[in-house]
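Topology and contacts: notes
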Amino acid sequence: SVNPGFGGQSFIDSQLRKIEALRKKIDATGRKIILEVDGGLNPETAPKAIDAGVTAIVAGSAVFRGGPDRYAENIAALRGEMVS
């Protein structure tokens, strides 16, 4: 969902259509296949990818941003959880 090469890139929104198409193909097989996406996922883009059919996300920069004291908060944000 990004151009290959390095971390921290922005999610390419046009990939959502590809995710949707792939999810439909997977579902048509009747098998329970995990569709995992890596690249540009953050609290804003992860829900879009999930809505398109992703069942697992990989996040690097979004988790590690802000250092170790922020890891739990960043993961909660990716999960769509309220953090206080």
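Residues numbered from 1 in each chain as written. Predicted model: local features only at pLDDT ≥ 70, side-chain atom pairs only at ≥ 80, totals over all residues. Heavy atoms only, no water.

Once that is clear, we can look at helix 1 (residues 15-29). Across its 15 residues, helix 1 extends 22 Å between first and last C-alpha, which sits within 8% of the 21 Å expected from 1.5 Å per residue. Those residues of helix 1 that sit buried are Q15, L16, I19, R23 and I26. End-on view of helix 1: buried residues confined to an arc of 95°, all on one side of the axis. Across helix 1 from its buried face, at more than 90 degrees, point the exposed residues R17, K18, K24, K25 and A28. (Helix = DSSP H or I, 4+ residues; strand = E, 2+ residues; numbered from the N terminus. Expected span 1.5 Å × (residues − 1). Buried < 20%, exposed > 50% of the residue type's maximum accessible area, 1.4 Å probe, protein only. Arc of directions from axis to C-beta.)

If you look at the biggest cluster of nonpolar residues, it comprises ten residues: F11, L16, I19, I26, L35, V37, L41, A49, A52 and V54. Of all elements in the fold, only helix 1 and helix 2 (45-52) reach the threshold of two or more residues within this core. Among the elements that take part in this core, helix 1 stands out by supplying three residues, more than any other. With sequence-adjacent residues up to four places away left out, I26 is seen in contact with R31, I33 and L35. (Core = buried A, V, L, I, M, F, W, Y, C linked by side-chain atoms within 4.5 Å. Contact = heavy atoms within 4.5 Å.)

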